[in-house]
Amino acid sequence: MVDNTLYLRTVGGMGNRLVPLLMSLDGIERSGHSFALNWPTTYRKGGHRTKEQNFPLKLSHLYDVDLPIISTEEWQEITQQGLPHYGLKHTQMGVPELRGPDGRSVPFEKHAGNSFTVESHGWLNVDGEGWDAVLRMGKIYDKYLKLHADSQEVLQGVLKKLEGRPSVGAYMRQLHPKLKEWDAYGRIAPKMREHAEEEPDTVFFIISECRNTVRRIVDEFGEDNVVTTPKPGIMNHPEEMRGVVVDIEVMRHVGVYYPTWGSGLARLMSAIRYEEIL
């Protein structure tokens, strides 16, 4: 076994997997660690539509990517070898510095000779550099995660609809129990109305897992002024997830972006726009 490897297991939904993946890749570029990724997949066709654990696609299905991948069985074997392990409670948003149960800092740049395992859902503040790393995340994303040809084709079709017009992107996450109270539509729709009043030619790019919300926006602003990517509207359906990958890229191109506070995907899109993560 290589003696300076970061073994990363990502769990949760799309954003809460991609953010720590990008943070880890940024960290190993500075520390010299090798890297191995466990990206667990499960799919229950009849499962509840808001369950993030229902995640059917491998990273290679979403992106053209060349990263060392280990299976869940390999991950379990590695975690039984006595390596330093940093669990979910150490990798969440808001932790000032990623630390293990014994209080040690996560051994990236400062501990380049150590292998360790990290299980992450959401933010991963490597050696306390999280906010600085946000400014590098867009470049890391571009370096490691490439769109497949079919996704690139969809992207270009969506971007054509934005050409030559003021554009506003709105990410309205509404069905997740912990985000529902934030009331994304109630907070963001008034901002959209301000843009439409100031510039009637504004086009709105909308991401929402709630079909009724999309219909409501189309009814108010008009079909010619609302753009979405083609998706089935079923959270974590394979085709829905492929559409979300395109969503992420489109949101980099809009003039103004309104995220849903607290969402991992919202944080990811803020970061690769080089904007502060909420």
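Residues numbered from 1 in each chain as written. Predicted model: local features only at pLDDT ≥ 70, side-chain atom pairs only at ≥ 80, totals over all residues. Heavy atoms only, no water.

**A few points about the nonpolar core**
In terms of nonpolar packing, the biggest core is built from 60 residues, with M14, L18, L21, Y63 and I248 touching the most fellow members. With eight residues, helix α1 (residues 14-31) is the single largest residue contributor to this core. Each residue touching Y63, except ones within four places of it in the same chain, is listed here: L18, Y141, L145, K146, L147, H148, V245 and I248. M172, A184, F204 and Y258 belong to the second-largest nonpolar core, a separate cluster that totals 15 residues. (Core = buried A, V, L, I, M, F, W, Y, C linked by side-chain atoms within 4.5 Å. Buried < 20%, exposed > 50% of the residue type's maximum accessible area, 1.4 Å probe, protein only. Helix = DSSP H or I, 4+ residues; strand = E, 2+ residues; numbered from the N terminus. Contact = heavy atoms within 4.5 Å.)

**Brief notes about the packing of helix α9 (residues 238-251) against helix α10 (residues 264-272)**
α10 packs onto α9 with a crossing angle of 40° between their chain directions and a minimal axis gap of 9 Å. Viewed along their axes, α9 and α10 adopt a mutual orientation that is oblique. At the point where α9 passes α10, the crossing takes the right-handed sense. Contact with α9, carried on its side by V244, D247, I248 and M251, involves L265, L268, M269 and I272 of α10 and no other residues of that element. For the contact of α9 with α10, the residue count by class is seven nonpolar, no polar and one charged. (Axes fitted to C-alpha atoms, helices over the stretch in contact; angles between N-to-C directions. Parallel < 35°, antiparallel > 145°, perpendicular 65-115°, else oblique. Left-handed = near helix turned anticlockwise from the far one by under 90°. Nonpolar A, V, L, I, M, F, W, Y, C, P; charged D, E, K, R; others polar.)

**Describing α9**
For α9, with 14 residues, the first-to-last C-alpha span of 20 Å sits near the 20 Å given by 1.5 Å per residue. For α9, a buried count of twelve out of 14 residues is recorded, marking the element as mostly surrounded by other parts of the structure. Where α9 is concerned, the buried positions are P238, E240, M241, G243, V244, V245, V246, D247, I248, E249, V250 and M251. (Expected span 1.5 Å × (residues − 1).)

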